[in-house]
Amino acid sequence: MLALLGLLGQAAQAATPLDDAALARVSGRDGIVMNAHLELNTQPGSNNRVSLGFKVQGNTSYLLLDRVSGTLDLLGLEVKPATSSSQGDVIQVGMPSFLGFKDFGIRAIGVQGDPLAPINNSLGQIQLSGSAQMQGQLLMWAK
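Rules of the game
- Residue numbers restart at each chain and count upward from 1, following the sequence in its written direction.
- At least 70 in pLDDT is required for a residue's local features to be given in this predicted model, at least 80 for side-chain atom pairs to be given and counted, and no such filter applies to totals for whole chains, interfaces and linings, which use all residues.
- Based on all heavy atoms of the structure, the side-chain values leave hydrogens and waters out of the count.
- In this analysis, rings of Phe, Tyr and Trp, with Trp reduced to its six-membered ring, are considered paired at centre separations within 6.5 Å, and the interplanar angle assigns stacked below 30 degrees, edge-to-face beyond 60, and tilted for intermediate values.
- When a carboxyl oxygen of Asp or Glu is within 4 Å of a side-chain nitrogen of Lys or Arg, the pair counts as a salt bridge.
- Helix and strand labels come from DSSP, where a helix needs a run of H or I of at least four residues and a strand needs a run of E of at least two; each type is numbered from the N terminus.
- When a residue's accessible area, from a 1.4 Å probe over protein chains only, is under 20% of the maximum for its type it is buried; when over 50% it is exposed; and in between it is partly exposed.
- As used in this structure description, the phrase polar contact means that two N or O atoms lie within 3.5 Å; if the pair is within protein, one of them must be able to donate a hydrogen and the other to accept it, and residues adjacent in sequence are counted only when both atoms belong to side chains.
- Whether two residues touch is decided by their heavy atoms; if any such pair falls within 4.5 Å, the residues are in contact.

Visitor: Explain the packing of aromatic side chains to me, please; I cannot follow it from the model alone.
Guide: The geometry of an aromatic ring pair is captured by the separation of the ring centres together with the interplanar angle, meaning the angle of the planes. For the coordinates displayed, the defined rule picks out one aromatic pair. Plain terms: the ring middles of Phe 101 and Phe 104 are 6.0 Å apart, the flat faces sit at 40 degrees to each other, and that makes the pair tilted.

In structure tokens form, the structure reads like this:
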């Protein structure tokens, strides 16, 4: 039991700052693993809109995303360098092992000429609540 407590104490040590010389010796070959907890506009009554403008043949139209909100948890997204037999050096992106959603989404999606006008013809909405587990990887390489 004491050995276990000793190991836990070592694992809980604070990060050690590195000077420039020590940092220069870090290679990063093992990659990084990212975890994230994201909360967007989760307060009651939150009202927001994202608009993206596109100009086609002199006319501007806007893709509107109305009331983007919710909570997203992402665990275990891994990014590291690797070597592929067919592509050479690549960046390997490992899919996150867990995705969790709580009321995460967009309340209305529209396309129209005025980005400030109410959305009259909604193309639908996206609302996610629940969780997903993923596996696999994505390889990216320079052309």
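From this point on, the discussion continues.
Visitor: Sorry, what's going on with the pattern of salt bridges here?
Guide: Pairing between side chains becomes possible if they bear opposite charge and their charged atoms approach one another. The final tally for this structure, using the stated rule, is two salt bridges. For Arg 49, the salt bridge goes to Asp 66, with nearest N and O atoms at 3.5 Å. Residue Arg 49 is found in strand β2 (residues 49-56), and its partner Asp 66 is found in strand β3 (residues 59-84); the two are separated by 17 residues along the sequence. Taking the relative accessible area as the measure of exposure, Arg 49 reaches 30% and is therefore partly exposed. The exposure class assigned to Asp 66 is buried, which follows from its relative accessible area of 13%. Notably, a salt bridge pairs Asp 66 with Arg 67, separated by 3.5 Å at the nearest N-O pair. Through salt bridges with shared partners, one network takes in Arg 49, Asp 66 and Arg 67.

Visitor: Sorry if this is basic, but what is going on with the side chain of Gln 112 here?
Guide: Of note, Gln 112 is situated in strand β5 (residues 98-112). Looking at Gln 112, its side chain comes within polar contact range of the main-chain oxygen of Ala 117, at 3.1 Å. One polar contact links the side chain of Gln 112 to the main-chain carbonyl oxygen of Pro 118, over a distance of 3.4 Å. Those residues in contact with Gln 112, other than ones at most four positions away along the chain, are Ser 61, Tyr 62, Leu 64, Ala 117, Pro 118, Ile 119 and Asn 120.

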